[in-house]
Amino acid sequence: MPDTDLSAAGWLGASEAPPAAFALPGLVRDDFPVLQRHVNGHPLAYLDSANTSQKPRAVVEAMSNHLLFHNANVARAMHQLGAEASEAFEGGRAKVAAFIGARTEEVVFTKNASEALNLAAHTLGQHLAVGPGDEVVVSVMEHHSNIVPWQLLCQRTGATLRWFDITDDGRLDLDSAREQGLVNERTKVVSLTWVSNVLGTVNPVTELAEMAHAVGAVFVVDGSQAVPQMPVDVTTLGADLLAFTAHKMLGPTGLGVLWGRYDLLEQLPPFLGGGEMIEVVRMEGSTFARPPARFEAGTPPIAEVVALGAAVDYLTMLGMDRVAEHEHLITTYALEQLQRVEGLRILGPTEAVDRGGAISFTLTSSDGFDIHPHDVMQILDSRGVAVRGGHHCARPLHHRLGIQASSRASAYLYTAPDEVDALVEALDHTRDFFGGHSGGGR
C-alpha cells in the first residue's frame with residue numbers, strides 16, 4: 001500500500017477533485033524506490049511506462065512474502081502450504097475479476113497479453129470453423145500481438161485478413177470502413193486495440209462492438225494500454241474477449257489475463273494440453289475442465305498472480321478515476337510542452353481528447369536533418385530521461401505513417417510535471433547536438 005494514507009489526505013474516495021493538479025505523484029512516488037535513482041548524474045525521469053510500469057514496494061513485498069513463507073503448488077498439494085498457495089492464487093483471480101467487473105470464473109491467466117490473444121485466435125478459429133470466404137478484421141494501428149495471431153489463423157484456414165485504416169489525425173477511419181463495408185456478413189472476428197500504444201488514440205470500443213455484433217461477429221479487445229489507465233467494466237464494454245497484461249499495471253512480468261463472457265468460454269476448445277486443464281484422461285481420449293481451468297495447463301504463475309492481486313489492491317486504493325484523471329492531466333501537459341519543441345512532430349492526436357498517455361514523435365535537428373529515434377533515445381538516456389525508440393511493435397502503423405520508427409514518451413500515475421520538463425530540455429539539447437555535428441542526422 002502507499003506509504004501515505006490517501007484516505008487521510010482528504011480526497012481519496014471523496015467526490016471532489018484532488019486539492020491540486022498533479023497531486024497523485026507526490027502521494028505515491030516514495031512507494032517506487034527506482035524513481036529515486038540518478039542516471040549519469042541526472043535524476044531519473046522514467047517515461048517508458050507504456051512499455052512496462054514500475055512496481056511499488058507493496059507488489060514486490062507481496063510476491064517476496066508468498067515465495068518465502070507460502071510457496072507450494074496449487075490445486076495439487078493437500079498440505080497447509082498447498083492450501084495457502086491455492087487460496088492466494090484464487091484470491092488474486094477474484095481481485096482481478098472485481099477490478100474489471102467480471103465473474104471470477106471468467107478470468108483466465110496466461111503468461112502475457114500476447115498469449116491471451118493467441119489463445120483467442122486459436123480457439124475462436126476452431127469454435128467458429130473459420131475457413132475460406134470468412135474474414136477477420138483488425139486495424140492498421142494494432143500491436144503486432146493483435147496482428148500476427150490473426151494472420152496465422154488466416155494462413156491456416158484460408159480466411160482473409162482485412163483492416164481499418166486511420167485518419168490523418170490518427171483515429172480509426174470509421175467513415176471509410178462503413179462505406180467499404182469492412183465489417184460485413186463474412187466477418188467472423190473483429191479484434192481491435194482499445195488504446196493505441198503508439199498514437200495514444202482511445203478507440204470507441206462500445207460502438208465497434210455494436211458494429212461487430214450486428215453481423216454476428218465475435219469482438220475481441222486488446223486492453224493492454226487501457227486497463228492500467230482507466231476504470232473498466234466488462235459488463236458495459238461490449239467486448240466478448242478482453243486481453244491485458246500485468247506488467248503495465250504495476251504488476252510483475254510473465255503474467256497476462258484473458259477475460260471472456262462465460263457462455264463463450266464454455267464453448268471454446270482448449271488451447272494448450274497438460275495438467276489441471278483436464279477432467280478425465282484415458283489413452284483413448286480426454287475430457288476437459290470447465291473454464292477457466294480449461295485454459296490454464298500446467299503449473300500457473302502463482303507468485304505472479306499474488307503480486308498482481310497486490311497491484312490491483314494498490315490501484316483500487318488510489319481509485320481508477322483518480323488514475324485516469326492524472327493520466328489526462330499529465331498527457332495534456334506533455335502535449336502542450338512537446339509542441340513547443342522545434343522540429344518535433346507528434347504522431348496521433350495532439351490534444352488530450354479520447355487519448356491515452358503514450359506520445360510518439362519524430363524529431364529533426366536544428367539544421368533540418370531527421371534524427372533517428374535510437375539516437376534520440378541514447379542522448380535522452382545520457383541525461384537521465386528514459387523513453388523508447390523504434391517501431392514499438394507496430395511496424396505496419398509506422399509504414400502507414402511513412403516512417404520507419406519513432407520515439408515514444410509515456411507517463412503513468414507516478415509521473416510528475418518536472419519529468420516532462422526534463423524531457424523537453426533533453427530534446428532541445430538533442431536538436432542542438434545533432435545540428436552542430438555534420439552528418440549526425442539520418
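Everything below is about the structure shown above.
These notes cover the structure that comes with them. As the structure is a computational prediction, the values presented were derived from the model and not from experiment.

What follows is about the packing of aromatic side chains. For the structure on display, the rule yields six aromatic pairs. Here the aromatic rings of F433 and F434 are separated by 5.2 Å at their centres, their planes lie at 85°, and the arrangement is edge-to-face. Following the ring pairs from residue to residue traces out a cluster consisting of F32, Y314, Y412 and Y414.

On to the sheet that holds strand β9 (residues 241–245), then. Pairing is mixed across the open sheet formed by seven strands, whose spatial order is β4-β10-β9-β8-β7-β5-β6. The sheet is open, and its two borders are formed by β4 (107–110) and β6 (160–164), each paired with just one other strand. Between one strand axis and the next, the sheet turns by 20° as a mean value, whatever way the strands run. Together, β6, β7 (187–193) and β8 (218–222) form the strand contacts of helix α7 (residues 205–214), whose direction differs from that of β8 by roughly 155°.

Following P291, the chain continues to P292 via a peptide bond in cis, the omega torsion being 0°. For P292, the location among the structural elements is in the loop between β12 (285–288) and α10 (302–318). One non-glycine residue, A129, lies in positive phi territory at about 50°. Tracing the backbone shows A129 in the loop between α4 (113–127) and β5 (135–139). Judged by its relative accessible area of 56%, A129 falls in the exposed class. Non-glycine residue D354 carries a positive phi angle of around 50°. Within the secondary structure layout, D354 lies in the loop between β13 (344–347) and β14 (358–364).

It is at 9 Å that the axes of helix α12 (residues 373–382) and helix α14 (residues 417–435) come closest, and there the two elements cross at 120°. Accordingly, the angle class assigned to the pair α12 and α14 is oblique. Where α12 crosses over α14, the handedness of that crossing is right-handed. Here D375, V376, I379 and L380 of α12 come into contact with α14, specifically with L423, A426, L427, H429, T430, F433 and F434.

Definitions and cut-offs
- Residues numbered from 1 in each chain as written.
- Predicted model: local features only at pLDDT ≥ 70, side-chain atom pairs only at ≥ 80, totals over all residues.
- Heavy atoms only, no water.
- Phe/Tyr/Trp six-rings, centres within 6.5 Å; stacked < 30°, edge-to-face > 60°.
- Pairing = 2+ DSSP bridges.
- Helix = DSSP H or I, 4+ residues; strand = E, 2+ residues; numbered from the N terminus.
- Axes fitted to C-alpha atoms, helices over the stretch in contact; angles between N-to-C directions.
- Contact = heavy atoms within 4.5 Å.
- Buried < 20%, exposed > 50% of the residue type's maximum accessible area, 1.4 Å probe, protein only.
- Parallel < 35°, antiparallel > 145°, perpendicular 65-115°, else oblique.
- Left-handed = near helix turned anticlockwise from the far one by under 90°.

Structural measurements only, silent on function.
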